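# Structural description and commentary
So the chains spell out like this:
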Amino acid sequence: MPKSDIFQKSGFKFRIPPHLTDYAEVYKNFSWQQAASEITFFPDGKLNAAYNAVDRHLKGVNKEKLALIWEGSDGAKETYTFAQLASLSNQVANLLKTKGVQKGDRVFLFLPRIPLLYVSFLGILKIGSVAGLLFSAFQEQALFDRLKDSGSKVLITNRELSKRLEKVRQNLPDLKEVLIVDDDNFKKELESQSDQVEIEKTDPDDNAFMLYTSGTTGKPKGVVHHHYAILSQHITAKYVLDIHDEDIYWCTADPGWVTGIAYTILGSWSNAVTSVIYEGRFDPEKWYQILADYKVSVWYTAPTAIRMLMAKGDDILKKYDLSALRHILSVGEPLNPEAIRWSVNVLGLPFHDTWWQTETGCICIANYPVMDIKFGSMGKPFPGIEAAIVNDEGKVLPVNTEGNIALKPGWPSMMRTIWQNEEKYKSYFIGNWYLTGDHGLVDEDGYFWFIGRADDVIKTSGERVGPFEVESALVEHPAVIEAGVIGKPDTLRGEIIKAFVVLEKEYFEKCRDENAAAGLKEELSVYVKKHLAGHAYPREIEFIDKLPKTRSGKIMRRILKAKEMGLPVGDTSTLEEY
Ligand code: WTA
């Protein structure tokens with residue numbers, strides 16, 4: 001561990017004094033009860049996360065402040081004030097009511113990053129219904145699994161994306177309405193709604209939104225978050241993202257992932273910041289242009305994007321004036337020390353790594369503006385959150401010892417259930433610790449270091465993919481008997497998805513021919529892309545005779561991975577003959 005690489009903060013010239021002035025002091029004295037004064041409650045301890053994100057600003061100077069600066073993939077530009085976001089989301093809320101949506105009903109969103117996605121999310125929460133998010137790269141199978149499990153009543157989508165649902169719609173009996181936002185009918189209906197609505201005064205532990213996320217086994221699970229999560233999201237946005245009134249803030253994450261919800265819609269807007277949202281895909285020049293054009297000052301992005309920018313070279317960067325940037329952060333996968341060195345070199349600022357998960361609902365471990373950065377470390381636990389390294393029995397381990405990264409539940413945005421799967425929910429806990437599924441260690445100064453996943457979950461370009469979903473998609477193809485899927489380390493994407501596939505005899509024979517084999521590999525990749533999701537397909541496929549399995553028939557992905565990487569396969573005593 002290159003502990004010698006440290007970015008010292010003493011002497012660093014802050015353009016605006018950070019909100020968090022003394023990490024150790026605040027950590028010691030922090031209480032969630034006190035922090036709760038930062039958010040707005042209705043009488044009797046009720047609150048609404050959407051009200052906190054937007055409507056509460058209408059009472060003060062921020063009413064006409066720009067909340068959203070939007071740029072479309074085609075170059076279209078739109079802006080919205082907090083007052084406009086409030087009115088529009090009220091109209092969505094009223095429209096949903098006319099469709100019979102009630103408190104607790106699930107309403108799913110399947111849209112590109114257009115303003116209506118953000119506005120609809122707020123509208124759903126305002127009437128106490130539960131927003132579900134579907135990443136726009138999802139295809140038929142991924143959509144079906146999530147809509148089915150959640151029993152979603154309404155889906156809000158567009159014409160193009162709705163086509164992916166055609167074949168499976170009849171098998172979704174709970175799905176009563178599909179609203180197509182680019183249909184004239186929808187537009188008329190929406191416009192005819194009142195822009196006033198009685199915001200639901202939800203209990204802190206009423207459900208607000210859910211996101212399906214991948215584990216090692218089984219299909220993705222619905223992680224459910226409550227309205228009270230807004231407190232964690234607000235205070236972390238303030239102390240970690242360090243957003244101030246005058247900032248222009250850009251979080252590059254899609255709301256199909258938790259970062260795009262917690263830190264584009266909820267925690268960031270509840271701090272009344274002006275946010276930039278770009279609809280289009282990653283493109284180095286375009287991203288630099290956005291940073292420059294809108295004078296972005298706080299930028300929250302991901303390691304894969306940073307590595308891709310680095311790979312593009314520094315010459316193109318020099319064409320853009322990025323001098324407005326003052327605080328930059330990263331999340332989702334390990335942040336390489338080289339990336340920090342690069343940013344210090346070319347931007348004069350270090351990237352601040354942050355660690356958290358869909359399940360935790362907010363940043364839990366972070367590098368704070370005032371704290372020295374040890375290159376490669378995720379930083380220290382957020383005030384009000386206790387973190388430790390524990391063994392598999394939940395016993396806390398000494399410093400510099402590898403083990404499970406564990407958190408003590410009790411902060412407001414910790415997931416409270418897995419949708420209709422209490423047993424799975426309980427399985428995350430050992431004693432009074434929540435086990436994150438990540439391995440790491442904590443050093444003598446209290447800095448946390450990420451080592452790897454304890455399970456087979458894959459992180460490819462920062463996006464979380466469960467091997468089981470990909471394996472299931474592969475075996476749907478007539479050529480495939482079975483498949484084992486792993487994350488293979490990749491310098492650019494962190495990991496890529498690699499599939500080991502056992503073929504049906506007839507295909508196996510055909511694939512003795514090299515060209516035929518290459519053709520089938522390509523076909524299988526495209527097949528997964530089209531049926532499951534555009535981002536969750538195997539970039540590498542290898543045909544093998546037999547998969548390593550336990551005697552009970554479970555695929556041993558750990559062995560596939562060890563072999564792939566030329567490492568010792570470890571304990572194989574539970575293995576079926578291989
Ligand atoms: C990984 C994303 C290393 C980790 C907000 C975690 C990280 C999973 C970091 C959650 C980081 C997230 N360094 N690994 N700074 N941040 N991860 O649910 O394995 O999409 O458990 O939430 O991403 O991914 P998720």
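As annotated in an unreviewed UniProt entry, the protein is acetate--CoA ligase. Regarding the protein, the UniProt comment filed under Sequence similarities (unreviewed entry) reads as follows: "Belongs to the ATP-dependent AMP-binding enzyme family."

You'll often see interface size given as the accessible area lost when the parts meet. Looking at the assigned domains, one finds that the protein contains domain 1 (6-448) and domain 2 (456-565). Its C-alpha centre places domain 1 at a distance of 31 Å from the equivalent point of domain 2. Counting residues at the interface gives 27 residues for domain 1, matched by 25 residues for domain 2. Regarding the contact of domain 1 and domain 2, the summed buried area is about 2,000 Å², with carbon and sulfur atoms giving 54% of it. When the buried area of domain 1 at its contact with domain 2 is split by residue, S214, T216 and W257 rank highest and sum to 26% of it. At the surface where domain 1 touches domain 2, the tally comes to two salt bridges. Notably, a salt bridge pairs E469 with R146, separated by 3.2 Å at the nearest N-O pair. For the pair domain 1 and domain 2, the interface holds twelve residue pairs in polar contact (both at pLDDT 80 or more). Counting only elements with at least two residues in the side of domain 1 that touches domain 2, the list comes to α6 (140-150) and α12 (303-311).

This part is about the nonpolar core. Of all hydrophobic cores here, the largest spans 107 residues; its most connected members are L96, F121, Y263, L266, W269 and Y300. Of the residues forming this core, the biggest block, eight residues, is contributed by helix α5 (residues 115-126). The next biggest cluster of nonpolar side chains, apart from the first, holds 46 residues, and it includes L147, L175, V224 and F543.

One open sheet holds the three strands; their spatial order is β26-β27-β28, and the pairing between them is mixed. The open sheet has two free edges, formed respectively by β26 (480-490) and β28 (540-543), since each of these has just one partner strand. Strand-to-strand, the axes of this sheet are offset by a mean angle of 25°, without reference to chain direction. Summarising the sheet, strand β27 (residues 494-503) and β28 pair through four bridges and their orientation is parallel. Among the inter-strand pairings, F500 is bridged to a residue of β28, identified as E542. Across the sheet, helix α16 (residues 467-475) touches β26 and β27, and the angle it forms with β26 is around 140°.

Moving on, we come to the site of the ligand. Near the ligand, the surroundings consist of 18 residues, among which D353, T354, Q357, T358 and R464 are the closest. One of the side-chain nitrogen or oxygen atoms of Q357 is found 2.8 Å away from an oxygen atom of the ligand. For the ligand, an oxygen atom lies 2.9 Å from a polar atom in the side chain of K459. It is strand β14 (residues 351-355) that contributes the most residues to the shell around the ligand, three residues altogether. Residue composition of the shell around the ligand, by class: seven nonpolar, five polar and six charged.

Cut-offs applied
Sequence order as written defines residue numbering, which begins from 1 separately in each chain. For a predicted model such as this one, the threshold for reporting local features is a pLDDT of at least 70, and the threshold for listing and counting side-chain atom pairs is 80 or more; totals across whole chains, interfaces and linings nevertheless cover every residue. Note: side-chain values were computed over all heavy atoms of the structure, leaving out hydrogens and water. UniProt positions are given in the numbering used here, feature names are shortened, and annotations may be inferred rather than shown by experiment. Source of the domain bounds: an automatic or database domain assignment. Working rule for contacts: check all heavy atoms of both residues, and any pair within 4.5 Å makes them a contact. Here the buried area means the combined drop in accessible surface, using a 1.4 Å probe, for two parts upon being joined, counting both sides. Salt bridges are counted wherever a side-chain nitrogen of Lys or Arg sits within 4 Å of a carboxyl oxygen of Asp or Glu. N or O atoms closer than or at 3.5 Å make up a polar contact, with two conditions inside protein: a donor-capable atom paired with an acceptor-capable one, and, for residues adjacent in sequence, both atoms drawn from side chains. Only DSSP runs of H or I covering at least 4 residues are called helices, and only runs of E covering at least 2 are called strands; the numbering of each starts at the N terminus. What makes a nonpolar core is a set of buried Ala, Val, Leu, Ile, Met, Phe, Trp, Tyr and Cys residues whose side-chain atoms join them at distances within 4.5 Å. For the exposure calls, accessible area comes from a 1.4 Å probe over protein chains only, and a residue counts as buried if that area is under 20% of its type's maximum, exposed if over 50%, partly exposed in between. Strands pair, by our definition, only if DSSP identifies at least two bridges between them. In this description, a line fitted to the C-alpha atoms serves as the axis of each element, helices being fitted only across the stretch in contact, and the angle between N-to-C directions of two axes falls anywhere from 0 to 180 degrees. Distances are taken per atom, and a residue is near a molecule or strand as soon as one of its heavy atoms is within 4 Å of it. Ten residues, namely Ala, Val, Leu, Ile, Met, Phe, Trp, Tyr, Cys and Pro, are considered nonpolar, four, namely Asp, Glu, Lys and Arg, are considered charged, and the remaining ones, Gly among them, are considered polar.

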